[in-house]
Amino acid sequence: MVNVAVLVSGGGTNLQALIDYKKNAENCPYDISVVMSDKKDAFALERAKNAAIPTEIVSPYFVLGDSKAKLASREEKRLAVSDRALENCKKYKIDLIVLAGWLTVLCGGIIDRYSQRIINLHPALLPKFGGVGMWGRHVHEAVLAAGEKESGCTVHLVDSGCDTGRILIQKKVPVLPGDTPETLYSRIALQEHKALVEGVCLLANSLGKS
């Protein structure tokens, strides 16, 4: 069984998909050992607690303290969060890290320590509409503004860049006339759940055999 850490920032619907698959599937190759959030009030933490999964807060204000975090640069905050996440991964003996709606760009030692073992879910068809600032509604607004005929989601490996790692799985949906960011998101979200479960199982099975 591969021990997984799921990193979250928001509502946790993709985390819930992983929890539900673990609960209902035969021969699930992973176990969710911990859920970490860079937001102390993320509803994903409640989902984890309801599933009896340990949780950890890794927000910069929690890690550095309010006074230091207010003065810290973006890079310093990212490094503090990343280093605390790495400490937790060691604590829970994590094999695979899953970014499911996680907003902080990881950096530092965690990238090297978990090279080829961190996956991210992105709400567009990379390499289009990726990079800094491309998350959530911003992505769907950009897709619609560009007049794209299709969109979707991507599960990819995480490297030292932002949305630049090797693509593992993509799911496509049509962009329909009259779509808004909300209607497009609702169509993509269903595919996100499937793609993330497939991606985690793919990598977990690969790690389990190595």
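Residues numbered from 1 in each chain as written. Predicted model: local features only at pLDDT ≥ 70, side-chain atom pairs only at ≥ 80, totals over all residues. Heavy atoms only, no water.

Colleague: Looking at this structure, how should I read the overall build of the chain?
Modeller: Scanning the chain from terminus to terminus reveals eight helices and seven strands. Taking 2.2 N^0.38 as the reference for a compact globule, 210 residues should give roughly 17 Å; the C-alpha atoms of the chain span a radius of gyration of 17 Å, in line with that estimate. For the chain, the spread of C-alpha atoms along the principal axes amounts to about 50 × 45 × 30 Å. Expressed as a percentage of the 210 residues in the chain, the buried residues total 48%. In the chain, 64% of the contacts between residues at least 6 apart in sequence involve partners at least 24 apart. Of the charged side chains in the chain, 26 are positive and 23 negative, and the gap between their average positions amounts to 2 Å. (Helix = DSSP H or I, 4+ residues; strand = E, 2+ residues; numbered from the N terminus. Rg over C-alpha atoms; globule rule 2.2 N^0.38 Å. Buried < 20%, exposed > 50% of the residue type's maximum accessible area, 1.4 Å probe, protein only. Contact = heavy atoms within 4.5 Å. Lys, Arg positive; Asp, Glu negative; His and termini not counted. Charge placed at Lys NZ, Arg CZ, Asp CG, Glu CD.)

Colleague: Would you take a moment to explain the UniProt feature "binding site: (6R)-10-formyltetrahydrofolate" (unreviewed entry) in the chain for this structure?
Modeller: Mapped onto the present numbering, the UniProt feature "binding site: (6R)-10-formyltetrahydrofolate" (unreviewed entry) falls at Arg74 and Asn120. In this fold, Arg74 is placed in helix H5 (residues 74–91). Considering the arrangement of structural elements, one finds Asn120 in strand E5 (residues 118–122). The contacts of Asn120, once residues within four sequence positions are left out, are Leu99, Thr154, Val155, His156, Val158 and Asp163. (UniProt positions renumbered as here; feature names shortened; annotations may be inferred.)

Colleague: In this structure, what is going on with helix H1 (residues 13–24)? I would like to understand it.
Modeller: What sets the pattern is the α-helix's 3.6 residues per turn: residues three or four places apart point alike. With twelve residues, H1 extends 16 Å from end C-alpha to end C-alpha; this agrees with the ideal 16 Å at 1.5 Å per step. For H1, every residue scored as buried is listed here: Asn14, Leu15, Ala17, Leu18 and Ile19. (Expected span 1.5 Å × (residues − 1).)

Colleague: Can you walk me through the UniProt feature "domain: Formyl transferase N-terminal" (unreviewed entry) in the chain in this structure?
Modeller: Under the feature "domain: Formyl transferase N-terminal" (unreviewed entry), the UniProt entry names residues 3–198. Overall, residues 3–198 shows 41% helix and 21% strand. The separation of its end C-alpha atoms is 16 Å.

Colleague: Help me understand the sheet that holds strand E3 (residues 55–57), please; the structure alone is not making it clear to me.
Modeller: In any sheet, the strands associate via hydrogen bonds between backbone groups, in a parallel or an antiparallel arrangement. The sheet built from seven strands is open, its strands ordered E3-E2-E1-E4-E5-E6-E7 with mixed pairing. The two strands at the open ends of the sheet, each matched to only one other strand, are E3 and strand E7 (167–174). This sheet shows a mean twist of 20° between the axes of neighbouring strands, independent of strand direction. Packed onto the sheet, H1 meets strand E1 (2–8), strand E2 (30–37), strand E4 (96–99) and E5 and runs at close to 155° relative to E2. (Pairing = 2+ DSSP bridges. Axes fitted to C-alpha atoms, helices over the stretch in contact; angles between N-to-C directions.)

Colleague: Quick question: what am I supposed to make of the packing of aromatic side chains here?
Modeller: The description of an aromatic ring pair rests on the distance of the ring centres and on the angle between the ring planes. Taken as a whole and judged by the stated rule, the model has one aromatic pair. For the pair Tyr21 and Tyr30, a centre-to-centre distance of 6.3 Å together with 20° between the ring planes defines the contact as stacked. (Phe/Tyr/Trp six-rings, centres within 6.5 Å; stacked < 30°, edge-to-face > 60°.)

Colleague: Would you take a moment to explain the pairing of strand E6 (residues 150–157) for this structure?
Modeller: Regular strands show a simple pattern: their side chains alternate between the two faces of the sheet. Within E6, seven of the eight residues are buried, which leaves the element mostly enclosed by the surrounding structure. Pairing of E5 with E6 involves four bridges; the strand directions are antiparallel. Residue His122 lies in a different strand from E6, and its bridge partner there is Thr154. Of the strand pairs in this sheet, E6 and E7 are connected by seven bridges, and their pairing is antiparallel. Counted as the bridge partner of His156 is Ile167 from E7.

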